[in-house]
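Listed below, chain by chain, are the residues.
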Amino acid sequence: MGNKVPSREEAYELLLKYNKSESLIHHALAVEAVMLHFAEKLGGEEDVEKWGIIGLVHDLDYEMYPDEHCKMTEKILREENWPEDYIRAIVSHGWKICTDVEPVETMEKVLYTIDELTGLINATALMRPTGISDMKVKSLKKKWKDKSFAAGVDREIIREGSEMLDMDLNEIMEETITAMREVSEEIGL
Ligand SMILES: [Fe+2]
């Protein structure tokens, strides 16, 4: 059982060690920002840094080991002596896709829900002349309904996640846009 509590700095170094793709690094930073935002809303004070770190490294293995997604992250973080609850949370974001570990904790449910949602918001912002700066839930919803737009984004996962969280989808969208807007420069929007 790992007992090292990783710092944000260590997590970021690890991210850059395994990820060279700008779009994946942008995605990691977007998910980190959204996790921080939701931690402040739904978690305890002690959770904020932890949720952010988990968001930052959730796709750690995806660039180098796409066929072993989640499994390699689990292996790497165990070797790095990370705590089991961090590892479990990260692995559970691939529930039904690359793992049978189900999101149970609120932190896990948030990660599960917003991972795909940040992808949809990113794609929507890139289509807009004003980017994310004045994006409204209404325009995101339009893109949500257009199944041919960003077809790789699994809307069903997002919907299922919002049910797990027992939160209104519009509210989750609003909060996620707000969190991403705060780091728009860092994530290339
Ligand atoms: Fe992701």
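For the structure itself, consult the block above.
Calculation rules
- Residues numbered from 1 in each chain as written.
- Predicted model: local features only at pLDDT ≥ 70, side-chain atom pairs only at ≥ 80, totals over all residues.
- Heavy atoms only, no water.
- Helix = DSSP H or I, 4+ residues; strand = E, 2+ residues; numbered from the N terminus.
- Axes fitted to C-alpha atoms, helices over the stretch in contact; angles between N-to-C directions.
- Parallel < 35°, antiparallel > 145°, perpendicular 65-115°, else oblique.
- Contact = heavy atoms within 4.5 Å.
- Nonpolar A, V, L, I, M, F, W, Y, C, P; charged D, E, K, R; others polar.
- Salt bridge = Lys/Arg side-chain N within 4 Å of Asp/Glu carboxyl O.
- Buried < 20%, exposed > 50% of the residue type's maximum accessible area, 1.4 Å probe, protein only.

Asks: Could you clarify how one ought to interpret the environment of Glu156 in this entry?
Replies: On the secondary structure map, Glu156 appears in helix H8 (residues 155-165). Sequence-wise, Glu156 and Gly43 are 113 residues apart; in three dimensions their C-alpha atoms are separated by 25 Å.

Asks: Help me understand the packing of helix H1 (residues 8-18) against helix H3 (residues 48-57), please; the structure alone is not making it clear to me.
Replies: Any two packed helices are characterised by how steeply their axes cross, that is the angle between the axes, and by the distance between the axes. Viewed as axis vectors pointing N to C, H1 and H3 meet at an angle of 5°, and their least axial separation amounts to 9 Å. The orientation of H1 relative to H3 falls into the category roughly parallel. Between H1 and H3, the residues in contact are Arg8, Ala11, Tyr12 and Leu15 and Glu49, Ile53, Leu56 and Val57, respectively. Grouping the amino acids of the contact of H1 with H3 by side-chain chemistry returns six nonpolar, no polar and two charged.

Asks: Even after reading the chapter, I still don't get the pattern of salt bridges, so can you show me in this structure?
Replies: Pairing is possible between side chains that carry opposite charge, provided their charged atoms lie close to one another. In total, this model carries 14 salt bridges according to the counting rule given. A salt bridge links Lys96 to Glu160, with the nearest nitrogen and oxygen atoms 2.9 Å apart. Taken as a pair, Lys96 in the loop between helix H5 (84-92) and helix H6 (106-127) and Glu160 in helix H8 lie far apart in primary sequence, 64 residues in all. You can call Lys96 exposed: its relative accessible area is 55%. For Arg159, the salt bridge identified is with Glu163, shortest N-O distance 2.4 Å. With Arg159 and Glu163 both in helix H8, this residue pair falls four residues apart, about one helical turn. Salt bridges here are not isolated pairs; linked through shared partners, they connect Lys4, Glu10 and Glu80.

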